[in-house]
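This is what each chain is made of:
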Amino acid sequence: MTPLIPKDLPAPFGRYSHGVSVPAGCQFVMTSGQLGVDVNGQCAEDALSQARQCFANCAAILRSAGMTALDVVRINAFVTDRAHMADYMKARDEFCAAVTDLPTSTLVIVSGFTRPEFKVEVEITAARGTG
Ligand SMILES: C=C(N)C(=O)O
């Protein structure tokens, strides 16, 4: 994966790339939107804990395909309030801490999710060479 950060665009607002180029022949993994719910069905109240759980769930899905955060090419995230953005970004930066070729990232404020207590949802696309 090659990050695309053209010099004639403003710098990204955070630790992400404006675009990425994925070579032909890669295996792709797409997650569904992950909520802040753990394996026991527990959901923390605060947005930071929920965001961390969303990324932990995505990481578990990637692991099941032999992938890690290093293989992530795209992150789409949704929060229910502008006030949750900083917490979400902190969790994203933790998830991507070891990543140097940063994925693309989209962050959107939405009116809600499947249960009223949910504040964050994250979906990931990952790709890695099959050779
Ligand atoms: C501004 C963004 N695209 C982000 O944080 O994902």
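The rules behind these values
- Residues numbered from 1 in each chain as written.
- Predicted model: local features only at pLDDT ≥ 70, side-chain atom pairs only at ≥ 80, totals over all residues.
- Heavy atoms only, no water.
- Phe/Tyr/Trp six-rings, centres within 6.5 Å; stacked < 30°, edge-to-face > 60°.
- Helix = DSSP H or I, 4+ residues; strand = E, 2+ residues; numbered from the N terminus.
- Buried < 20%, exposed > 50% of the residue type's maximum accessible area, 1.4 Å probe, protein only.
- Expected span 1.5 Å × (residues − 1).
- Contact = heavy atoms within 4.5 Å.
- Salt bridge = Lys/Arg side-chain N within 4 Å of Asp/Glu carboxyl O.
- Polar contact = N/O pair within 3.5 Å; in protein donor to acceptor, adjacent residues only side chain to side chain.
- Near = heavy atom within 4 Å.
- Areas by Shrake-Rupley, 256 points an atom, 1.4 Å probe, with all protein chains shown as cover.
- Nonpolar A, V, L, I, M, F, W, Y, C, P; charged D, E, K, R; others polar.

> Which residues make up the packing of aromatic side chains, and what values go with them?
Under the counting rule described, the total for this entry stands at two aromatic pairs. Note on F55 and Y88: the rings are 5.8 Å apart at their centroids and 25° apart in plane angle, and the pair reads as stacked. In this pair, F55 is assigned in helix 1 (residues 47-64) and Y88 in helix 2 (residues 85-95), connecting sequence segments 33 residues apart. Given a relative accessible area of 0%, Y88 falls into the buried group. An angle of 25° between the planes, with centres 4.8 Å apart, marks the rings of F55 and F95 as stacked. With F55 in helix 1 and F95 in helix 2, this pair connects stretches of sequence that are 40 residues apart. Each member of the pair, F55 as well as F95, carries the same accessibility label: buried.

> Just give me the short version of helix 1, but keep the residues and values in it.
Side chains of residues three or four places apart in an α-helix project in the same direction, reflecting 3.6 residues per turn. With 18 residues, helix 1 extends 26 Å between its outermost C-alpha atoms, agreeing within 8% with the 26 Å of an ideal straight helix rising 1.5 Å per residue. Turning to helix 1, its buried residues are A47, L48, Q50, A51, C54, F55, N57, C58, A59 and L62. If you follow the buried residues of helix 1, they end up packed against strand 3 (26-30), strand 4 (72-79), helix 2 and strand 6 (120-129). Looking at the residues trailing helix 1, positive phi occurs at G66, about 75°.

> Describe the pattern of salt bridges, and please don't skip the residues or the numbers.
Side-chain pairs of opposite charge can arise where the charged atoms are in close proximity. Applying the stated criterion across every chain yields a total of four salt bridges. Between R128 and D71 there is a salt bridge, with the nearest N and O atoms lying 3.7 Å from each other. A residue pair is termed long-range when its members are at least 10 positions apart, and R128 in strand 6 and D71 in the loop between helix 1 and strand 4 qualify at 57 residues. Between E117 and R115 there is a salt bridge, with the nearest N and O atoms lying 2.8 Å from each other. For R115, a relative accessible area of 38% puts it in the partly exposed group. If you follow the salt bridges from partner to partner, you end up with R52, K90 and E94 in one network.

> Provide a residue-level description of the side chain of N76, including the pertinent values.
The residue N76 is located in strand 4 in this model. Here R74 takes part through its side chain, which lies 3.3 Å from a polar atom of the side chain of N76. The residues touching N76, leaving out its near neighbours within four places in the chain, are T106, E121, V122 and E123.

> Please give an account of the site of the ligand that cites residues and values.
Residues in close proximity to the ligand include F13, Y16, M89, R92, S105, T106 and L107, which together make up its full environment. In the model, an oxygen atom of the ligand is placed 2.9 Å from a nitrogen or oxygen of the R92 side chain. For the ligand, whose accessible area on its own is 220 Å², the fraction buried by protein is 84%. Of all elements in the fold, only helix 2 and strand 5 (104-109) reach the threshold of two or more residues within the shell around the ligand. Among the elements that line the shell around the ligand, the one with the most residues is strand 5, at three residues. The class makeup of the residues in the shell around the ligand is four nonpolar, two polar and one charged.

In short, shape yes, function no, at least from these values alone.
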